[in-house]
Amino acid sequence: MTQQTYDAIILGAGAAGLMCAAIAGQRGRRVLVLDHAPEVGRKIVISGGGRCNFTNLHTAPDRYLSANPHFARSALSRYTAQDFLALVERHGIAWHEKTLGQLFCDGSARQIVAMLLDECAMGAVEVRCEAAVSAVSHGEGRFTVGFSGGDASAASLVIATGGPSIPKMGATGFAYDLARQFGLKVVQPRPALVPLTLPAEEALFRELSGVSTPVAAKVGKTSFAEAALFTHRGLSGPAILQVSSYWQRGEEVGIDFAPEEDAGWLVAAKRARPKASLRRVLEDALPSRLAEALAERVGVAGDLGNVSDKALTAAEGRLADWRFLPDGSEGFAKAEVTAGGIDTRGLSSKTMEATKVPGLYAIGEAVDVTGWLGGYNFQWAWASGVAAGQAV
Ligand code: FDA
């Protein structure tokens, strides 16, 4: 079989790979995209509950985690949430802001995949699915990729195969193997935006499975005010997923169950309603099963009128910083993204090209840049894809 030649081969037809391919193709580059999955953009299709939270209006570099915190700045400033939104509008896709700057399709996430494929078609990009990559080699300024279906070579190779989160969707650690093959370093990958698990002694909270409430969740100095959800294994919900990205094994997670209350609110409640129990007062702000569990654990029994101000102030402090010591997370099987990845200290922040391997690029989730929950990860995929697409 003869070898096909291209200007750029992109491994991975996900968010970053398709965006990169479209930009490069529209610049007149001959582009081949290879993906081992039966269809492109599977994570896009399931994202945002099927509506794809495709970007966030509040995108800023400080909403991304990386061992090299300034790396994302350049690409994010050159391709913004507004730029992606303009593309969505050009394709006539209806959208809405849900909350906290999160933009979703009104209809289906499949519209975003169709839009990316249209953009690729405009650049005459060749996209091949069910193409498992067997070998990649490099010599005389070209990369040769062997895959089920033949082999191809190009002066530029883009690693866009994502991270290992949700393996059942076809996610692999292939990007890291390939990066290491070319001498790039990898920051230890770990599950992020993932539910945390609680040990057996916290069974009381696991029994609250299904209960959700607005909280402020904190790990170290980082805190997020969103909903938390009790699960049969531990804690989930947006606030917990957000702190999970910052959480290290052995660290406590602090939860403020009354984030809207001013200091002294329990003593004020005692003055206003001396005949009420703590449970009843908590029920005003919290689901009743949770109010009952917390009141039991705080150990304030009977009418508030009979409890000292000191004891109520102590109870208030406990409710404002309830400590959980998770024993782990639900792992890559349930993680929305992977933190860590290809070390950005070996990449150009302008083009995503490996500084020591000219022609090799890495983009998207494969790279050690991880966004908050809420459209930030797709915005990184688009921005890093555009940066490389303009350079290959
Ligand atoms: P992505 O994973 O999209 O693509 C990688 C591609 O490479 C895949 O098509 C895969 O099949 C292919 N591949 C892998 N290994 C390969 C190999 N060995 N050979 C060939 N091909 C290979 N983010 C956000 O901003 N808003 C949201 O609403 C959501 N929602 C969401 C829900 C769920 C359930 C998950 C799991 C994730 C999200 N995310 C999200 C995160 C978002 O999906 C993620 O950050 C991007 O898809 C990353 O884009 P990439 O292109 O880097 O990887």
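A short note on the domain arrangement of the protein chain
Link 1 in the chain: Parsing the protein chain into structural domains produces domain 1 (4–190 + 338–389) and domain 2 (196–329).
Link 2 in the chain: For domain 1 and domain 2, the distance between their C-alpha centres works out to 39 Å.
Link 3 in the chain: The interface is formed by 5 residues belonging to domain 1 together with 7 residues belonging to domain 2.
Link 4 in the chain: Our count for the contact surface shared by domain 1 and domain 2 stands at 0 salt bridges.
Link 5 in the chain: Linking domain 1 with domain 2 are 3 residue pairs in polar contact (both at pLDDT 80 or more), by the criterion used here.
Link 6 in the chain: Taken together, the residues of the side of domain 1 that touches domain 2 break down into 4 nonpolar, no polar and 1 charged.

A word on the packing of aromatic side chains
Link 1 in the chain: Here the structure, examined in full by the defined rule, presents 14 aromatic pairs.
Link 2 in the chain: Between phenylalanine 205 and phenylalanine 324, the aromatic rings sit 5.0 Å apart at their centres with planes inclined by 80°, giving edge-to-face as the arrangement. Linking phenylalanine 205 in helix α7 (residues 203–206) with phenylalanine 324 in strand β17 (residues 322–324), this pair joins segments that are 119 residues apart in sequence. Of the two residues examined, phenylalanine 205 and phenylalanine 324, each falls in the buried class.
Link 3 in the chain: Three or more aromatic residues joined by ring pairs form one cluster here, namely Tyr64, Phe224, Tyr246, Trp372 and Tyr376.

Points about the pattern of salt bridges
Link 1 in the chain: Tallying each qualifying case throughout the model produces 13 salt bridges.
Link 2 in the chain: When the shortest N-O distance is used, the salt bridge between glutamate 252 and arginine 323 registers 3.1 Å. You can see glutamate 252 sitting in the loop between α8 (238–244) and β16 (253–256) and its partner arginine 323 sitting in strand β17, a full 71 residues away along the chain.
Link 3 in the chain: A single salt-bridge network, built from bridges that share partners, covers Arg279, Arg280, Glu283 and Glu292.

Calculation notes
- Residues numbered from 1 in each chain as written.
- Predicted model: local features only at pLDDT ≥ 70, side-chain atom pairs only at ≥ 80, totals over all residues.
- Heavy atoms only, no water.
- Domains from an automatic or database assignment.
- Contact = heavy atoms within 4.5 Å.
- Salt bridge = Lys/Arg side-chain N within 4 Å of Asp/Glu carboxyl O.
- Polar contact = N/O pair within 3.5 Å; in protein donor to acceptor, adjacent residues only side chain to side chain.
- Nonpolar A, V, L, I, M, F, W, Y, C, P; charged D, E, K, R; others polar.
- Phe/Tyr/Trp six-rings, centres within 6.5 Å; stacked < 30°, edge-to-face > 60°.
- Helix = DSSP H or I, 4+ residues; strand = E, 2+ residues; numbered from the N terminus.
- Buried < 20%, exposed > 50% of the residue type's maximum accessible area, 1.4 Å probe, protein only.

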